[in-house]
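Secondary and tertiary structure notes
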Amino acid sequence: MNYSEVIPVRRVQAGAEAENVLDLRPRHAQATAEAENILDVRDLNVAFRTAAGTVQAVRDVSFSVRRGETLALVGETSSGKSVTCLGLLGLTPPAPYCTISGSARLGARDGKTYELVGTPERVMRQVRGGAASVIFQEPMTSLNPVHTVGAQICESLRIHLGMNTRAATDRAAELLNQVGISDPKRRLTNYPHELSGGMRQRVMIAMAIACEPSLLIADEPTTALDVTIQAQILELLQKLQSQTRMAMIYITHNLGTVAEIADRVMVMYAGRIVEQADVVELFTQPRHPYSRGLIHSVPRLHSNRARKTPLFAIPGNVPDPAAHPPGCTFGPRCGHFEPGRCDAAVPDLENAKPGHLVRCVRWPEIEGAA
Ligand SMILES: Nc1ncnc2c1ncn2[C@@H]1O[C@H](COP(=O)(O)OP(=O)(O)OP(=O)(O)O)[C@@H](O)[C@H]1O
């Protein structure tokens, strides 16, 4: 199968009809070639203590993100994408309800380096909204409904940059202008409920970039928006990223969005990385059966309808994190499962080629057969 054909990406161009295309341009090739790592994560593990026992949500996750680069995190629900990022930002419950181990070094613009794992909350409060920012799916849950958007943006500028009220208000208006909100001075006096969903997400983005973070984490930021607004928000994030050269981690279920925005992709399953590669490489030569299944699951507008083929779905469900099967956790759902081999031990994450990691003992045979 030519995997690159199956991703319908809606690229909305001014004056042109929306079309389903796979847009896999090497967007930041120049940036990534020259850039240093902004975030280096090594052996990250996150476990929750629950009434039903320990839930090991993230297991031995290692990755890095370079300046100006977008790393997309994909995988079915419960694969550990959000917990990986919440753990990095110290937004998981405190010990003993949640334990985090490993290391994560973040480089800030002022040359400082922060270790994010095991760092006191007092320091993490400086990091969040300073060197690293996050935007979530539903801005209404992140914005405070009883304060104007101006007050909320200004608070961040005062805390992190020590600005006085007047300077913070001017900068807040500039930021709203930068994220495409017209009449920014008036909008500063609005409460969140007075803005549309798209505008609220723009306000969240303005707050997130206010202190020029070196890393922005976007956790499904367009899922709650309609498609034209989604396209505008993606475009805005790309524009801001090329202006500020921040590194970005983008969490999504939408492979069309990944094709549009990512430089590299990390596929997670049951808390582990199962594949990691450059975006073009991942879509054209996915090596893990799970990545292949995810890409195959994307509805194909033309061929599914014309050939009346049923939509493909990966059989079965993500395993209960408290009761993983032995060996490869994807084994029970995998069409290539080989007893005695796939269930013997958790496969290593190995280099299929430079920059392309895969966690499957059978990938060379599967690729040869395909
Ligand atoms: N506070 C918590 N206490 C216990 N378990 C949790 C907690 N937060 C997350 N988990 C568990 O951690 C696992 C990973 O969750 P996570 O939210 O990272 O998944 P995800 O890949 O982001 O899924 P989705 O795409 O649905 O957001 C899940 O099994 C989830 O139930």
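Residues numbered from 1 in each chain as written. Predicted model: local features only at pLDDT ≥ 70, side-chain atom pairs only at ≥ 80, totals over all residues.

Section: the overall build of the protein
When you go through the protein residue by residue, the secondary structure sums to 14 helices and 14 strands. Looking at the protein as a whole, 41% of its 370 residues qualify as buried. (Helix = DSSP H or I, 4+ residues; strand = E, 2+ residues; numbered from the N terminus. Buried ≥ 20, exposed ≤ 12 C-beta atoms within 10 Å, placed from the backbone.)

Quick notes on the sheet that holds strand E6 (residues 98-107)
One open sheet holds the four strands; their spatial order is E4-E3-E6-E7, and the pairing between them is antiparallel. The sheet is open, and its two borders are formed by strand E4 (53-66) and strand E7 (113-115), each paired with just one other strand. With direction set aside, neighbouring strand axes in the sheet form an average angle of 10°. Direction of pairing for strand E3 (residues 37-50) relative to E4: antiparallel, over a ladder of ten bridges. (Pairing = 2+ DSSP bridges. Axes fitted to C-alpha atoms, helices over the stretch in contact; angles between N-to-C directions.)

Some remarks on the site of the ligand
Near the ligand lie 14 residues; those nearest to it are Phe48, Ala57, Thr77, Ser82 and Val83. Mapped by element, the contributors of at least two residues to the shell around the ligand are E3, E4 and helix H2 (81-88). Ranked by residues supplied to the shell around the ligand, first place goes to H2 with three residues. Along the lines of polarity and charge, the residues of the shell around the ligand split into six nonpolar, seven polar and one charged. (Near = placed C-beta within 6 Å. Nonpolar A, V, L, I, M, F, W, Y, C, P; charged D, E, K, R; others polar.)

Concerning the nonpolar core
One finds Ala206, Leu215 and Val265 to be the most contacted residues of the largest nonpolar core, which totals 90 residues. Take this core: its biggest share by element is eight residues, from helix H8 (residues 197-209). Each residue touching Val265, except ones within four places of it in the same chain, is listed here: Ala72, Val74, Val258, Ala277, Val279 and Leu282. (Core = buried A, V, L, I, M, F, W, Y, C linked by C-beta atoms within 7 Å. Contact = placed C-beta atoms within 7 Å.)

Quick notes on the packing of H8 against helix H9 (residues 227-244)
Two numbers describe how H8 lies on H9: the axes approach to 11 Å, and their chain directions differ by 15°. Considered as vectors, H8 and H9 are oriented roughly parallel to each other. Judged by the sense of rotation from one axis to the other, the crossing of H8 with H9 is right-handed. Counted together, Gly198, Gln201, Ile205 and Ile209 of H8 and Ile229, Gln232, Ile233, Leu236, Leu240 and Thr244 of H9 form the full contact between these two elements. (Parallel < 35°, antiparallel > 145°, perpendicular 65-115°, else oblique. Left-handed = near helix turned anticlockwise from the far one by under 90°.)

Structural notes on unusual backbone geometry
For the bond running from Ala95 to Pro96, omega is 5°, close enough to zero to count as cis. The residue Pro96 is located in the loop between H2 and E6 in this model. The phi angle at Glu212 is positive, at roughly 50°, despite the residue not being glycine. Relative to the elements of secondary structure, Glu212 occurs in the loop between H8 and strand E9 (215-219). The backbone phi angle of Glu220 is positive, close to 45°, even though this residue is not glycine. Note on placement: Glu220 falls in the loop between E9 and H9.

Topic: the packing of helix H5 (residues 149-161) against H8
Between H5 and H8, whose axes approach to 9 Å, the crossing angle comes to 20°. Looking at the two axes, H5 sits roughly parallel to H8. The two elements H5 and H8 meet at a crossing, and its hand is right-handed. Residues Val149, Gln152, Ile153 and Ser156 of H5 form the contact with H8, whose own contacting residues are Val203, Ala206 and Met207. Here the residues of the contact of H5 with H8 are counted per class, giving five nonpolar, two polar and no charged.

Notes on helix H12 (residues 289-296)
In terms of burial, H12 is largely enclosed, as seven of its eight residues are buried. When we look at burial in H12, the residues that qualify are Pro289, Tyr290, Ser291, Arg292, Gly293, Leu294 and Ile295.

Quick word on the pairing of strand E13 (residues 350-353)
Where E13 and strand E14 (residues 356-358) come together, three bridges link them in antiparallel fashion. Bridge pairing in E14 places Glu350 opposite Val358. Taking the residues that link successive antiparallel strands as the turn, the E13-E14 hairpin has two residues, and the phi of Gly355 there is positive, at about 85°.

Thoughts on H2
Burial of H2 is extensive: eight of the eight residues sit out of reach of the surface. For H2, the complete set of buried residues consists of Lys81, Ser82, Val83, Thr84, Cys85, Leu86, Gly87 and Leu88. Gly90 sits one or two positions beyond H2 and adopts a positive phi of about 70°.

Quick word on the sheet that holds strand E5 (residues 70-74)
One open sheet accounts for eight strands, arranged E8-E9-E10-E5-E11-E12-E14-E13; its pairing is mixed. Either end of the sheet is taken by a strand with one partner, and the two such strands are strand E8 (132-135) and E13. Sheet twist, expressed as the average angle between the axes of neighbouring strands with direction ignored, equals 25°. Sheet analysis places E8 next to E9, joined by four bridges and oriented parallel. Among the inter-strand pairings, Ala132 is bridged to a residue of E9, identified as Leu215. Relative to the sheet, H2 contacts E5, E9, strand E10 (247-251) and strand E11 (264-269), its axis offset from that of E10 by approximately 140°.

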